[in-house]
Amino acid sequence: MAPRAGCFLLAVVFSASCKAITSLNQMCTEKEANITYNCENLGLAGVPDTLPNTTEFLEFGFNFLPTLENTTFSRLVDLIFLDLTRCQINWVHEDTFQNHHQLNTIVLTGNPLIFMAETSLNGPTSLQHLFLIQTGISNLEFIPSQNLENLESLYLGSNHISSIKFPENFPTQNLKVLDFQNNAIHYLSSEDLHALEKTTNLSLNFNGNDIKGIEAGAFHSKIFRSLNFGGTLNLSVVLKGLQNSSTQSLWLGSYEDTDDEDLTSAMFDGLCEMSVESINLQKQYISDISSTTFRCFTQLQELDLTANHLNELPSGIEGMKALKKLVLNVNIFDQLCQISAASFPSLLDLSIKGNKRKLDLGVGCLEKLENLEKLDLSHSDIEASDCCNLQLKNLSHLQYLNLSYNEPLGLRSQAFKECPRLEGLDLAFTRWYVKGPQSPFQNLHILQVLNLSHCLLDTSNQHLLTGLVDLRHLNLQGNHFQDGSISKTNLLQTLRSLEILILSSCDLLSIDKQAFQSLGKLSHVDLSYNNLMGNSIDALSHLQGIYLNMAANNIHVIPSHLLLTLSQQSTINLSHNPLDCTCSNIHFITWYKENLQKFEGSEDTKCANPPTLKGVKLSDVKLSCGITAMGIFFLVVFLFLIALLLIFSVKFLLRWKYQHI
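Residues numbered from 1 in each chain as written. Predicted model: local features only at pLDDT ≥ 70, side-chain atom pairs only at ≥ 80, totals over all residues. Heavy atoms only, no water.

**Student:** Got a minute to help me understand the overall build of the chain in this structure?
**Tutor:** When helices and strands are tallied, the chain shows 6 helices and 38 strands. Taken over the C-alpha trace, the chain has a radius of gyration of 34 Å; the compact-globule value for 661 residues is 26 Å, which it surpasses by more than 25%. Counting only C-alpha atoms and orienting by the principal axes, one finds that the chain spans roughly 140 × 75 × 40 Å. Counting contacts in the chain only where the partners sit at least 6 residues apart, residues at least 24 apart contribute 58% of the total. A total accessible area of about 30,300 Å² is found for the chain, and carbon and sulfur atoms account for 51% of it. The chain carries 43 positive and 64 negative side-chain charges, and their two centres are separated by 12 Å. (Helix = DSSP H or I, 4+ residues; strand = E, 2+ residues; numbered from the N terminus. Rg over C-alpha atoms; globule rule 2.2 N^0.38 Å. Contact = heavy atoms within 4.5 Å. Areas by Shrake-Rupley, 256 points an atom, 1.4 Å probe, with all protein chains shown as cover. Lys, Arg positive; Asp, Glu negative; His and termini not counted. Charge placed at Lys NZ, Arg CZ, Asp CG, Glu CD.)

Quick look at the structure:
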């Protein structure tokens with residue numbers, strides 16, 4: 001793969017500080033100086049003159065470029081990524097990109113293309129990603145085939161394509177992604193798929209096409225990374241047509257707005273004649289589910305039965321010993337034992353999220369899953385007065401457990417004794433109470449991530465978190481502390497390995513200076529959305545190089561002696577605080593402007609007082625807190641008058657004294 005092969009993804013997720021550059025009376029956003037620019041939706045009819053020649057990533061969508069010629073972007077010879085989404089492009093002429101040898105990705109999504117010259121894509125030496133989504137294409141011969149030898153991704157979704165037959169000279173050998181979703185493809189023939197014989201590990205997407213027929217042998221001996229036939233009404237046609245093929249992932253799910261027919265066990269017989277590792281059947285319904293339904297699933301490693309209207313899985317399922325991941329989200333189980341866990345002895349990952357009925361955990365329902373590492377039981381209305389050793393019996397290899405968004409749980413001392421290897425535990429939005437004198441987490445010595453947000457914790461219990469000697473990440477968002485204060489002695493003191501602490505939205509009013517003294521490894525502290533004053537920063541004076549979020553608090557003034565504490569930190573957020581922009585805060589304001597690189601949320605770090613400066617960004621404030629010339633004048637006059645008064649007073653006293661000798 002050529003250098004920067006994945007740069008088209010970077011352009012989507014890339015984030016940096018932004019500034020504006022003026023061009024053609026419009027504003028392009030500079031994301032990375034001289035490299036990355038966003039000029040979308042500015043009504044531009046050409047490249048702005050002030051856009052530097054060194055631009056590599058350009059988002060130019062939603063402008064007006066009806067015709068692309070070899071002069072349109074000729075100046076930007078370093079382009080790697082070019083997004084021209086919905087620019088009303090009709091014509092792409094010869095050699096449009098002849099000067100762009102490094103161009104890796106071209107996005108033409110949403111343009112009503114009428115013509116693309118055969119040499120229109122000539123120039124780039126390693127063009128790898130081409131997006132022609134929603135461009136009105138009805139025939140693959142419309143796509144120019146020259147200079148596509150290195151093409152890895154071709155996106156053709158939401159067009160009018162009815163046949164996937166490529167021209168004979170179309171280079172497909174390096175394709176890794178071929179996306180035909182939401183077209184008008186209803187039949188796949190051997191001839192159609194002939195051009196894909198040289199591809200390896202191809203991800204082929206027919207989602208939303210409603211395939212009604214596949215010629216026998218069309219997929220014979222072909223190997224794919226993934227196949228997507230989502231939204232197909234008759235899955236038996238697909239499974240029969242895929243005989244003697246191999247794929248890592250097979251997506252056969254449906255959607256809410258699709259009127260599907262019920263599946264029968266016989267429809268899955270085609271799986272016996274193909275090799276597949278992962279199957280997704282979300283929002284399907286198997287009307288006659290039984291232990292024999294899964295007789296052709298013996299090679300499966302992952303199975304997704306989300307929203308299959310399941311109230312139980314039949315007992316006696318055989319041959320699924322290879323299954324590593326099972327997803328049973330959004331079904332209607334009454335008890336955990338109804339999933340027949342013993343049928344999947346090799347399971348590592350089990351998810352029963354969002355169960356539509358109150359889920360009873362039962363006793364030992366999962367004890368046969370001794371290798372289970374990840375268990376998600378969130379959003380399932382689980383309620384238990386004595387949790388969780390009986391329910392999680394024999395899950396000694398469990399590493400991640402999610403019990404968030406459930407009903408109240410009663411936790412005894414060492415409530416997770418059966419799961420000593422837990423590394424992540426999520427109890428967010430699940431109210432729980434301790435039923436013993438010791439911590440329910442007493443034996444979780446290697447737990448690293450604990451989410452207790454919005455649990456209505458008894459934070460006055462200093463022993464609540466005892467035993468978590470290796471905890472790195474603790475989320476206490478939305479819990480409340482007595483009198484709105486974190487005292488010197490508190491439940492956090494034993495967490496000496498803690499690196500990330502989240503205390504946002506806890507209605508905090510103050511923090512004792514010694515409250516975090518034992519937390520010497522902290523690198524991320526979130527105290528946002530509380531009612532803290534500026535002096536609370538003193539509790540962090542022993543820390544250096546941390547990310548500190550104190551947004552949306554009640555900070556008016558930051559005393560000058562706390563500036564040293566702030567200067568030691570790497571990133572600070574003080575946005576949405578009612579900051580005073582008066583001379584009482586001049587030391588902080590001056591320091592802030594000198595250290596803007598440390599701050600995030602600067603756009604929302606604004607003055608609240610005095611009224612004349614309300615809403616002004618702190619970085620734009622200019623205060624003059626020395627004595628002005630007028631002030632000096634009045635001071636001199638005042639001192640002069642005081643001197644005269646003193647002189648006259650002395651003369652008066654001397655005269656009075658002389659007269660009375």
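Past the structure itself, the notes keep going.
**Student:** Explain the sheet that holds strand β7 (residues 91-92) here, please?
**Tutor:** The strands that make up a sheet are held in pairs by hydrogen bonds between backbone atoms, and each pair lies either parallel or antiparallel. On the basis of which strands lie adjacent, the open sheet formed by 3 strands has the order β5-β7-β9 and parallel pairing. Edge positions in the sheet fall to β5 (67-68) and β9 (115-116), since each has one partner strand and no second. Bridge count between β5 and β7: 2 bridges; the pairing is parallel. Across the sheet, residue Leu 68 finds its bridge partner in β7, namely Val 92. (Pairing = 2+ DSSP bridges.)

**Student:** Looking at this structure, how should I read the environment of Gln 338?
**Tutor:** Turning to its location among the elements, Gln 338 is positioned in the loop between β20 (325-327) and β21 (349-351). Residue Gln 338 is classed as partly exposed on the basis of its relative accessible area of 22%. Considering only alpha carbons, one finds Gln 338 and Val 363, 25 residues apart in sequence, at a separation of 12 Å. With sequence-adjacent residues up to four places away left out, Gln 338 is seen in contact with Asn 311, Glu 312, Leu 313 and Phe 333. A polar contact is formed between the side chain of Gln 338 and the backbone nitrogen of Asp 334, at a distance of 2.7 Å. (Buried < 20%, exposed > 50% of the residue type's maximum accessible area, 1.4 Å probe, protein only. Polar contact = N/O pair within 3.5 Å; in protein donor to acceptor, adjacent residues only side chain to side chain.)

**Student:** How do you make sense of the state of the cysteines when you look at a structure like this?
**Tutor:** Here, disulfide denotes a covalent bond that connects the sulfur atoms of two cysteines. Summed over the entire model, instances satisfying the criterion amount to 6 disulfides. Residue Cys 583 pairs covalently with Cys 625 via a disulfide, S to S 2.0 Å. The disulfide joining Cys 583 to Cys 625 has a torsion of about -95° about its S-S bond and is therefore left-handed. Note that Cys 583 is positioned in the loop between β36 (579-580) and α5 (586-594) and Cys 625 in the loop between β38 (607-609) and α6 (629-659), a separation of 42 residues in sequence. Taking relative accessible area as the criterion, Cys 583 reaches 42% and is therefore assigned partly exposed. The partly exposed category is assigned to Cys 625, whose relative accessible area is 34%. Disulfides within the chain link the bonded cysteines, taken in sequence order, as 1-2, 3-4, 5-6, 7-8, 9-11, 10-12. Of all cysteine sulfurs in the structure, the one in Cys 39 sits closest to Cys 87, which takes part in no disulfide; the separation is 10 Å. Free cysteine: Cys 455, not disulfide-bonded; nearest cysteine sulfur from Cys 506 at 11 Å. Residue Cys 455 is classed as buried on the basis of its relative accessible area, which comes to 0%. (Disulfide = S-S within 2.5 Å.)

**Student:** Please explain the packing of aromatic side chains as it appears in this structure.
**Tutor:** Given two aromatic rings, one states the distance between the centres and the angle between the planes to describe the pair. In the structure shown here, the tally under the stated rule is 19 aromatic pairs. Ring centres 6.2 Å apart and planes at 5° place the aromatic pair Phe 416 and Phe 441 in the stacked group. With Phe 416 in the loop between β25 (409-411) and β26 (424-426) and Phe 441 in the loop between β27 (432-434) and β28 (449-451), this residue pair connects regions lying 25 residues apart in the sequence. By the ring-pair criterion, three or more aromatic residues cluster together here, those being Phe 166, Phe 170, Phe 180, Phe 206, Phe 219, Phe 224 and Phe 229. (Phe/Tyr/Trp six-rings, centres within 6.5 Å; stacked < 30°, edge-to-face > 60°.)

**Student:** What is the right way to read unusual backbone geometry from this model?
**Tutor:** Glycine aside, the phi torsion of most residues is negative, and most peptide linkages are trans. Here the residue pair Cys 387 and Cys 388 is connected by a cis peptide bond, since its omega of 15° sits within 30 degrees of zero. Structurally, the position occupied by Cys 388 is in the loop between β23 (384-387) and β24 (400-402). Pro 610 follows Asn 609 through a cis peptide bond whose omega is -5°. The topology assignment puts Pro 610 in the loop between β38 and α6. Its identity as a non-glycine residue notwithstanding, Val 330 has a phi of 55°, on the positive side. Within the secondary structure layout, Val 330 lies in the loop between β20 and β21.

**Student:** Explain the environment of Tyr 658 to me, please; I cannot follow it from the model alone.
**Tutor:** Here Tyr 658 lies in helix α6. For the pair Tyr 658 and Leu 130, spaced 528 residues apart in the sequence, the C-alpha separation amounts to 108 Å.

**Student:** Whenever I open this one, the pattern of salt bridges confuses me. Can you help?
**Tutor:** Side chains carrying opposite charge are able to pair once their charged atoms draw close together. Taken as a whole and judged by the stated rule, the model has 11 salt bridges. Arg 472 is the partner of Glu 499 in a salt bridge, and the nearest nitrogen-oxygen pair spans 3.8 Å. Here Glu 499, found in the loop between β30 (485-486) and β31 (500-502), pairs with Arg 472, found in the loop between β28 and β29 (473-475); they are 27 residues apart in sequence, far enough to count as distant. Of the residues examined, Arg 472 reaches a relative accessible area of 29% and is grouped as partly exposed. Salt bridges sharing partners connect three or more residues here, namely Asp 470, Arg 472 and Glu 499. (Salt bridge = Lys/Arg side-chain N within 4 Å of Asp/Glu carboxyl O.)

**Student:** What should I look at first to understand α5 in this one?
**Tutor:** In an α-helix there are 3.6 residues to a turn, and that puts residues three or four apart on one side. Of all the residues in α5, the buried ones are Phe 588, Ile 589, Trp 591 and Tyr 592. Burial along α5 is one-sided: seen end-on, the buried residues are contained in an arc of 165°. Counted as exposed and oriented over 90 degrees from the buried face of α5: His 587 and Glu 594. Where α5 is buried, its residues contact α4 (563-567), β35 (571-573), β36 and β37 (599-600). (Arc of directions from axis to C-beta.)

**Student:** What should I look at first to understand the sheet that holds β27 in this one?
**Tutor:** Spatially, β23-β25-β27 is the arrangement adopted by the 3 strands of the open sheet, whose pairing is parallel. Edge positions in the sheet fall to β23 and β27, since each of these pairs with one other strand and no more. Direction aside, the axes of adjacent strands within the sheet are offset by 25° on average. With 2 bridges joining them, β23 and β25 adopt parallel strand pairing. (Axes fitted to C-alpha atoms, helices over the stretch in contact; angles between N-to-C directions.)

**Student:** Help me out: how do you make sense of the pairing of strand β16 (residues 223-228) in this one?
**Tutor:** Note on strand geometry: in a regular strand, side chains alternate between the two faces of the sheet. Relative to β16, strand β14 (residues 202-205) runs parallel, the two sharing 4 bridges. Each bridged residue has a counterpart across the sheet, and for Leu 204 the counterpart in β16 is Leu 227. As paired elements, β16 and strand β17 (residues 246-251) share 5 bridges and run parallel to each other. Counterpart to Leu 227 in the pairing with β17 is Leu 250. Read as a crossover between parallel neighbours, the route from β16 over helix α3 (residues 235-241) to β17 is right-handed. (Right-handed = clockwise from strand over helix to strand, strands pointing away.)

So, to be careful, I would describe these as geometric facts and stop short of saying anything about function.
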